Amino acid sequence: MQRIDENPFATRFTRPGYRFVEPDDTSGVESLAVRFLRDGQCGQIVGPHGCGKTSLVYAMTRSLQTAFREIQFLVIRRQGWLGFRSEKIAGLHGSGDSDLLVVDGVETLSPIQRWCLVGSCRYRNCGLLLTSHQELLGVPILKKLMPSFSHFEQIVEHLTRSEHATVQSSSVREAYDRNDGNYREGLMFLYDEFQQQLLATTG
Amino acid sequence: MSRPKIKISLSDEKLAYSPGDVLVGQYVIDNLGDDKVVAVESSVIWMTQGKGEEDIGVQFFDRQKGPFDVRQLQQPRKFSTVLPCSPFSYDGMMIRVRWAVRVRVFFEVELQCTEELYFRLGNVSSILGDLSG
């Protein structure tokens, strides 16, 4: 029997960009990328905390790589007006024609900052792909993600299958329910549970 | 495309080392198929694994650029490095510190193949024992 030595819920396996498990109801990452290119290279992925917006965006950018000269990522953490400088709004210094700016967490910007961001990208003819908790007016919605237990189960199944690990279905249910459908927190809950087992078996 | 086989082995076949020990090993790449290998990297690294940000440190690194002959890659390639004083291998609840020999094979098309062989450096429990008592 193969000895389990890895926690399948560690950051290295769950971080955005490592792998995206498509929910059953999506029309596919590829077709979202095609729609994005067709609809003016501007769009947003909307959904609550930890439902896979960033993972989806990373998966999309893989499909968009050939369409753009350069793809720049901007992750926005909570910060005041002074902390968010105008050159960042302008999509960093290098952005321009044929570039794509991906902005993660745009809801933390003020309405004026959002307006500047969208306007600046349009002026520079730069593609703009956003993730947000709330819909941003004037930006086409590419996908609204809603957490579901079946999708969370799919993600867990995917992670444990590739690491040859098993996890009880009651733990998966508990991880989902306790965290109100926040996948990220749910996976961290499973990390703790799995790590306890791992330490117990490895001594 | 066939999945290449990378076999890493350590010459003394032990998987636990002390600071200052010389780690000597070799790797062999097999089952390459028709895909052209453009580079082969071998490294000795430590990495943190857990539920937060993960970190990595490189103790030894070697990159060999192609083109390679298939038979050339099937020959054992040796590496050696002196292991440092830290960080020690550690298995905790929030974080693990792991040491590994990593070999990566890069192909002309974007795919790459990675193999890791984990080993331990130092003994954290002996230090904790000294501190507590």
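Residues numbered from 1 in each chain as written. Chains lettered and ligands numbered in written order. Predicted model: local features only at pLDDT ≥ 70, side-chain atom pairs only at ≥ 80, totals over all residues.

## Looking at the interface of chain A and chain B
As a measure of interface size, the accessible area lost when the parts come together is often cited.
Inference 1: The interface is formed by 8 residues belonging to chain A together with 7 residues belonging to chain B.
Inference 2: Where the side of chain A that touches chain B is concerned, the elements lending two or more residues are α1 (11-14) and α8 (183-202) of chain A.
Inference 3: The element that contributes the greatest number of residues to the side of chain A that touches chain B is α8 of chain A, accounting for 5 residues.
Inference 4: Taken together, the residues of the side of chain A that touches chain B sort by class into 4 nonpolar, 3 polar and 1 charged. (Contact = placed C-beta atoms within 7 Å. Helix = DSSP H or I, 4+ residues; strand = E, 2+ residues; numbered from the N terminus. Nonpolar A, V, L, I, M, F, W, Y, C, P; charged D, E, K, R; others polar.)

## Here we look at the confidence of the model for chain A
Inference 1: When the pLDDT values of chain A are averaged, the result is 83; 83% of them are 70 or greater.
Inference 2: When mean pLDDT is taken per element in chain A, helix α7 (residues 169-178) of chain A scores highest with 95 and helix α4 (residues 86-89) of chain A scores lowest with 51. (pLDDT = per-residue confidence, 0-100.)

## What about the sheet that holds strand β2 (residues 70-75) of chain A?
Backbone-to-backbone hydrogen bonds join strands into a sheet, with any given pair of strands oriented parallel or antiparallel.
Residues and elements named next belong to chain A.
Inference 1: Read across the sheet, 5 strands follow the order β2-β3-β4-β1-β5 without closing on themselves; strand pairing throughout is parallel. Of all strands in the sheet, those with a lone pairing partner are β2 and β5 (141-144), marking the two edges. Each adjacent strand pair in this sheet contributes to an overall mean axis angle of 15°, direction not counted.
Inference 2: Bridging between β2 and strand β3 (residues 99-104) involves 6 bridges; their strand directions are parallel. Along β3, the bridge assignment pairs Gln-72 with Leu-101. (Pairing = 2+ DSSP bridges. Axes fitted to C-alpha atoms, helices over the stretch in contact; angles between N-to-C directions.)

## Section: helix α5 (residues 111-123) of chain A
All names here are of chain A.
Inference 1: When the terminal C-alpha atoms of α5 are compared, their 18 Å separation across 13 residues agrees well with the 18 Å that a helix rising 1.5 Å per residue should span.
Inference 2: Those residues of α5 lying buried are Arg-114, Leu-117, Val-118 and Cys-121. Take α5 and look down its axis: the buried residues cluster within an arc of 85°, on one side only. Away from its buried face by more than 90 degrees, α5 exposes Ile-112 and Tyr-123.
Inference 3: Positive backbone phi, approximately 60°, marks Asn-125, located one or two places after α5. (Expected span 1.5 Å × (residues − 1). Buried ≥ 20, exposed ≤ 12 C-beta atoms within 10 Å, placed from the backbone. Arc of directions from axis to C-beta.)

## Side note on unusual backbone geometry
Residue and element names in this part refer to chain B.
Inference 1: Of the consecutive residues Gly-66 and Pro-67, the connecting peptide bond is found in the cis state with omega at 5°.
Inference 2: Locating Pro-67 in the fold gives a position in the loop between β5 (56-65) and α1 (70-74).
Inference 3: The amide bond that connects Ser-86 to the next residue, Pro-87, takes the cis arrangement and shows omega of -5°.
Inference 4: Within the element layout of this structure, Pro-87 appears in the loop between β6 (77-82) and β7 (90-91).

## Side note on helix α2 (residues 29-38) of chain A
Residue and element names in this part refer to chain A.
Inference 1: Looking at α2, one finds that the buried residues are Val-29, Leu-32, Ala-33 and Phe-36. The buried residues of α2 occupy one face: seen down the axis, they fall within an arc of 100°. For α2, exposure combined with an orientation more than 90 degrees from the buried face picks out Glu-30, Ser-31 and Arg-38.
Inference 2: Elements in contact with the buried residues of α2: β1 (42-46), α3 (53-64), β4 (127-132) and β5.
Inference 3: Just past α2, the residue Gly-40 takes up positive phi, approximately 80°.

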